[in-house]
Amino acid sequence: MRLSLPHWGRSPEKLTITQAEAIAFRVPMDLAAENAQRSVAPFNYLVSVRGETSHGVSYFGLGEAQPRPNQTGDLHDRSWPFLDDALAGLVGQSLSLRHPLDDIRGHTRLLQDAADKDEFNPLFRSRATIMGIETALLDLAAKAKGVTFVDLLGRRRLVTAPVPPVMRHRDPSKIDEYFQKRVRGAKTPLRLVGGEDITEDLEHFQLVATARRAIRPSAAAQPIWFNFRGKLAFDSARHIVEEVAHLAAGGKLPSQIVLQNLLARHDLERSAELQSVADSLAQRVAGSSGVTILPRSAGPSDTADMLGSEEGTLRMLNIRPAELGGILRSIEIAENFKKISPEGQIVVSQFPGASRVTQMVHRDLAKALPNARFVGASAEVERKFRGTRRLSRLRRSPLLRQGTGLALDYQALVSQARGRILHPSIPSDATPGLEPNTYDDVDYISPIGAYAVHGHIVEREALARGLNSWRFTKSSIMVSDTAGVQLPFRTTRWPLSGVVASSVAKHKESTRILLRRAGCPVPEGRTFHGGDHEISLSYARRIGYPVVLKPAEGSMGVGVTANIGSDSELTEALRMFSRTAHGNDEFIVEKHINGGDYRIMVIGDEVAAAVQRIPANVVGDGVQTVGQLMIEKNVARRQNSHLGPLKIKWDASVAYQLGKQGYTIDSVIPAGQRIYLLSTNNLTQGGESVEILDELHPSIKEASVRAVKAVPGMGYCGVDFLLEDHTKPLDEQDGAICEINAMAALPVAEYPVYGTPRRLSEQFILRCVEAFGLESWPERAETLNLRLTIHGGVTGVGYGKWFTRRASKSGLSGWFRNTGERQAEALVSGPTAAATAMATVAILGPPKAAPESVKSVHTSELPELDEFVLFDEDSDDRGGVAFEPGANTDLSDFEESDSSVEETSTEPEQLSDLQEIDDLLSPEELEDRLEEQNDGK
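Residues numbered from 1 in each chain as written. Predicted model: local features only at pLDDT ≥ 70, side-chain atom pairs only at ≥ 80, totals over all residues. Heavy atoms only, no water.

A separate point is the overall build of the protein. Helices and strands together make up the secondary structure of the protein, namely 28 helices and 35 strands. Split into buried and exposed, the 937 residues of the protein put 58% on the buried side. Within the protein, residue pairs in contact and separated by at least 24 positions form 77% of the contacts whose partners lie at least 6 positions apart. (Helix = DSSP H or I, 4+ residues; strand = E, 2+ residues; numbered from the N terminus. Buried < 20%, exposed > 50% of the residue type's maximum accessible area, 1.4 Å probe, protein only. Contact = heavy atoms within 4.5 Å.)

Have a look at this one:
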């Protein structure tokens, strides 16, 4: 059966693979939720493969991989390099369109053979990664042939029912209310999820069955599924089957029951034997018409064992393609199951935490499998960000859609991508004459977050000079010497600058007045009240365009638009400004100064560093789109210890700036042409930094020091200079100070993208030691032995295992132990960069922990072993059990993992909290639901 209409005329016979791309992203999930079982969000990979016909017509296919180490044999640190090699080998290969399934099956087998040669562990075979490639090839072939994904596979039915909804309530009144709200006459099965006590589960089972029979008698005969979460040994499971059969015979349960995930993984191969027990009871116990065993999904080997059992025959099979190794292998297994059990039913399931690609593929697969009765397909990722978009809203129907009908949506992926592969590779767009800096401490610092790095490097240098530290938050620390002299540091207040000085510097108009009085060059401009748009337009005409619009008080470039060239552009900039957090506040319009933007760092009377800031930009290569180039730039940026999280983002400002240049996110930029994505140079919005202190002209240094002295009480400051040429005298060019920043981030100079890194934090600490009379070591230590005391919610939440894993990955030696109900301590020994990063990151902890303070003190004690050890492991409660994401969704309880292996990764573990997924359908999901209904018409 085929519903879609292929291309008119003669279709091409083959394609040549010309390009392969993969994008890795973290699955959005709330790691701090009470029922969350992961401490690290897993990765997904979106795979795109492009092919061309002999006539130059281009098509692309899209796939998604859900690597899950315990179920699919994919460890990210191995699967990602495997994917890189696989895609590199795919480019240049041909894909037959006469017999595409056979050809793709051949490609997949070659990948399976390559994965099975893993020298580390034969269990890790990258099955989900292989499925992502296979799906992309299938989608490519379907689009080239002009048919839907299911019609390429071979459609067997028009529609497949979704898995039964979950009823989660345990309270009797809530159960009654649930059935009272159900549509009258609805005859769909119902699914329940077990808890910790089997006896209570069976009582709950009977309670629900009784309530449904009383309130919705028309649905009383429909099966009830009960998910036991795969935690029983065979003998216990057999007892449950017998008891359920007798309860059904006595009328306390419906006659048709599906017992889901009864057996633990170690007894999974006995699932068919358990079904034989149920079938025997149906014959022996009067009134019990049948109990169906639905085993959990499994890999190829366990599935083969279940189907090949001589002890019985399954009547229901859960097929999860990522676990089995792909779409075509799932079809083969389903066909084999039909031979063994002609009336058997198949359930198609997926891992929670997928995009629309996986959702669409699983829906279509279910329509192509023999005896597929139910499909569990969701797209939770799309509720947080849309990694894909519809190719055409006019070609959505099963008759017109080509392949999955989806394409990558780079607008969302620009900020979500954690890694990218592209073959054939294209040279990077490094600034001419400069090579980007790389930093050895990036893996230590990345979990801390960009805005806490400057606090961390101050603590690092304090500890490196023999001072002790006491950290309370990511931004607040107290350092002290052996004599007890204490000095507080906070992100928004540095001890070298007074509170009044910091407040004055924050208000740009006050700063302008003080700088002008001190004889410092400042641009012509004035401040306006919020909403005074017409007056500001008149003023801009008087001083002459171009001008700059910025908030009177603000930071990080929010609300700033530079190089505004006309009334219309200023009107648009004011409109965008009104939508920012400063929209109702005072704003400044000032003369735009042509030239580069520089941050001159001044400590006391000395210029300690100078950084040129370049607006976010990309350089065209003649092949990639703007969106792809933005992702490439963000991924490369992750190698910078400070700027990695401060990505280029797609927003209205970027779209506006591109539009002014005649481009969109899908434009391909000519090779070598640089385009700017923003008019502002702020590093927090994707700008780049070049350290140029050695080239800075003395007159500019003198003016910078004078500007800092113009504000009484200012001991440390960043002076923002606009200069035509930083190597020329100030009086020979058009230059001006646009503002000063009393809280200038130290990492700007320590981790520039280009140029010489300056250890500004060391100079800062030494100046503080001198100014406040602290006793410190005369030389900086390259290795440290620290004893950490951690207070707060750190016991019984997996904190110790998290700390031990983090320390081990950082190459540290020592130990960790719990010393009380709300206290723990650790000995940390190793390189200064790694040991001090551990002291900082300890205030974060895993998602469920709540540390309140971390005291780091120097010690002469040395660890006994060259490794990091966790004492009293049992008291640490849980230890990184890698369950799947998607809490409180229907798919989250469809199956549960019992493995204790956790995926390791070098990625940051402290992710932003995400709101709990709600039960409402988005407009796109409503359209998807309608499409599924239309399939049956």
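Having seen the model, we can carry on.
Further remarks concern the environment of Arg767. Mapped onto the secondary structure, Arg767 falls in helix H25 (residues 760-772). Residues Arg767 and Gly715, 52 residues apart in the sequence, show an inter-C-alpha distance of 9.9 Å. The contact partners of Arg767, leaving out residues within four places of it in the chain, are Leu496, Ile603, Gly604, Asp605 and Glu606.

What follows covers the sheet that holds strand E28 (residues 716-723). Sheets are built from strands that pair by backbone hydrogen bonding, the pairs being arranged parallel or antiparallel. What the six strands build is an open sheet, ordered E29-E28-E23-E24-E27-E30; its pairing is mixed. With one partner strand each, in any of the chains shown, strand E29 (736-741) and strand E30 (754-755) form the two edges of the open sheet. In this structure, strand E23 (residues 596-603) lies alongside E28, joined through eight bridges in antiparallel fashion. Bridging across to E28, Asp597 finds its partner in Leu722. (Pairing = 2+ DSSP bridges.)

Attention now moves to a negative patch on the surface. A surface patch of negative charge is lined by Glu196, Asp197, Glu200 and Glu203. Relative to the assigned elements, Glu196 resides in the loop between strand E6 (190-193) and helix H7 (198-215). (Patch = residues over 30% accessible without salt bridge, like charges linked within 9 Å, V, L, I, M, F, W, Y side chains within 5 Å. Areas by Shrake-Rupley, 256 points an atom, 1.4 Å probe, with all protein chains shown as cover. Salt bridge = Lys/Arg side-chain N within 4 Å of Asp/Glu carboxyl O. Lys, Arg positive; Asp, Glu negative; His and termini not counted. Charge placed at Lys NZ, Arg CZ, Asp CG, Glu CD.)

This paragraph deals with the nonpolar core. Leu83, Leu87, Leu138, Leu153 and Leu677 are the most contacted members of the largest nonpolar core, which totals 98 residues. Ranked by residues supplied to this core, first place goes to helix H4 (residues 127-145) with eleven residues. If we ignore the near neighbours within four places in the chain, the residues touching Leu138 are Leu101, Ile104, Phe149, Leu152, Leu153, Ile327 and Leu328. (Core = buried A, V, L, I, M, F, W, Y, C linked by side-chain atoms within 4.5 Å.)

Every buried residue of helix H10 (residues 300-307) is listed here: Thr303, Met306 and Leu307. Buried positions in H10, seen along its axis, are confined to an arc of 95° and lie on one side of it. Packed against the buried residues of H10 are helix H9 (271-284), strand E10 (316-319), helix H11 (321-324) and helix H12 (327-340). (Arc of directions from axis to C-beta.)

The next point concerns the packing of H10 against H12. To characterise two packed helices, one gives the angle between the axes of the helices and the distance between these axes. One way to put it is that H10 packs onto H12 with a least axis distance of 11 Å and a crossing angle of 10°. Between H10 and H12, the interaxial angle falls into the category roughly parallel. Mapping the contact onto sequence places Pro300, Thr303 and Leu307 in H10 and Arg329, Ile333, Asn336, Phe337 and Ile340 in H12. (Axes fitted to C-alpha atoms, helices over the stretch in contact; angles between N-to-C directions. Parallel < 35°, antiparallel > 145°, perpendicular 65-115°, else oblique.)

A rise of 1.5 Å per residue sets the reference length of H25, with its 13 residues, at 18 Å; its end C-alpha atoms lie 18 Å apart and thus fit the reference within 8%. Taken together, the buried positions of H25 are Leu760, Ser761, Glu762, Phe764, Ile765, Cys768 and Val769. Looking one or two places after H25, you find Gly773, whose phi comes out positive at around 70°. (Expected span 1.5 Å × (residues − 1).)

Right, let's talk about unusual backbone geometry for a bit. Following His423, the chain continues into Pro424 via a peptide bond in cis, with omega recorded as -5°. The residue Pro424 is located in the loop between strand E15 (417-423) and helix H15 (442-445) in this model. Note that the residue after Tyr545, namely Pro546, is joined by a cis bond; omega there is 5°. Here Pro546 lies in the loop between helix H19 (533-543) and strand E20 (547-551). One non-glycine residue with positive phi stands out, namely Asn261, at about 55°.

What follows deals with the packing of aromatic side chains. Here a ring pair, both rings aromatic, is described through the centre-centre distance and the interplanar angle of the planes. One pass over the full model with this rule turns up 20 aromatic pairs. One aromatic cluster is present, built from ring pairs that chain together Tyr799, Trp802, Phe803, Phe816 and Phe868. In this arrangement the basic side chain of Arg26 is found over the ring face of Phe43, its NZ or CZ atom lying 4.1 Å from the centre. Stacked on the ring of Phe234, the Lys or Arg Arg270 has its end atom at 3.8 Å from the ring centre. (Phe/Tyr/Trp six-rings, centres within 6.5 Å; stacked < 30°, edge-to-face > 60°. Lys NZ or Arg CZ within 6 Å of the ring centre and 35° of its normal.)

For the structure shown, the criterion picks out 43 salt bridges. Asp102 is paired through a salt bridge with Arg105; the nearest N and O atoms lie 3.1 Å apart. Pair noted here: Asp102 and Arg105 are both in helix H3 (residues 100-115), with a separation of three residues, about one helical turn. Its salt-bridge partner being Glu332, residue Arg105 comes within 3.1 Å of it at the nearest N-O pair. Of this pair, Arg105 sits in helix H3 while Glu332 sits in helix H12, and the two are 227 residues apart along the sequence.

This part takes up the packing of helix H17 (residues 499-506) against helix H18 (residues 508-517). At a closest axis distance of 5 Å, the pairing of H17 and H18 adopts a crossing angle of 100°. Judged on the interaxial angle alone, H18 and H17 are roughly perpendicular. Contact residues: Val504, Ala505 and Lys506 in H17; Lys508, Ser510, Thr511 and Leu514 in H18. Split into classes, the residues belonging to the contact of H17 with H18 amount to three nonpolar, two polar and two charged. (Nonpolar A, V, L, I, M, F, W, Y, C, P; charged D, E, K, R; others polar.)

Pairing is antiparallel across the open sheet formed by four strands, whose spatial order is E19-E22-E20-E21. The sheet is open, and its two edges are formed by strand E19 (525-528) and strand E21 (561-564), each paired on a single side. Averaged over all adjacent pairs, the angle separating strand axes in this sheet is 20°, with direction ignored. Bridge count between E20 and E21: two bridges; the pairing is antiparallel. Paired with Leu549 across the bridge in E21 is Thr561.

Within the fold, Gln350 resides in the loop between strand E11 (345-348) and helix H13 (356-368). Separated by 28 residues in the primary sequence, Gln350 and Ala322 have C-alpha atoms spaced 7.4 Å apart. At 3.0 Å, the side chain of Gln350 forms a polar contact with the backbone oxygen of Ser378. (Polar contact = N/O pair within 3.5 Å; in protein donor to acceptor, adjacent residues only side chain to side chain.)

For the protein, mean pLDDT is 86; residues scoring 70 or higher make up 87% of the total. Note that pLDDT drops below 50 for residues 878-937; the model gives that stretch 178 contacts with residues more than four away or on any other chain. (pLDDT = per-residue confidence, 0-100.)

A separate point is the pairing of strand E16 (residues 468-471). For a regular strand, the rule is simple: side chains alternate between the two faces of the sheet. Where E16 lies against strand E17 (residues 476-480), four bridges are found, and the strand directions are antiparallel. Among the inter-strand pairings, Asn468 is bridged to a residue of E17, identified as Ser480. In this structure, the hairpin formed by E16 and E17 is closed by a connection of four residues.

Moving on, we get to the side chain of Arg191. Mapped onto the fold, Arg191 is located in strand E6. From its side chain, Arg191 meets the backbone oxygen of Pro164 in a polar contact 3.1 Å long.

This part takes up the environment of Pro615. Inspection of the secondary structure assignment puts Pro615 in the loop between strand E24 (606-614) and strand E25 (617-619). For the pair Pro615 and Gly596, spaced 19 residues apart in sequence, the C-alpha to C-alpha distance is 9.6 Å. Setting aside its immediate chain neighbours within four residues, Pro615 contacts Tyr676, Leu678, Thr680, Asn681 and Gly687.

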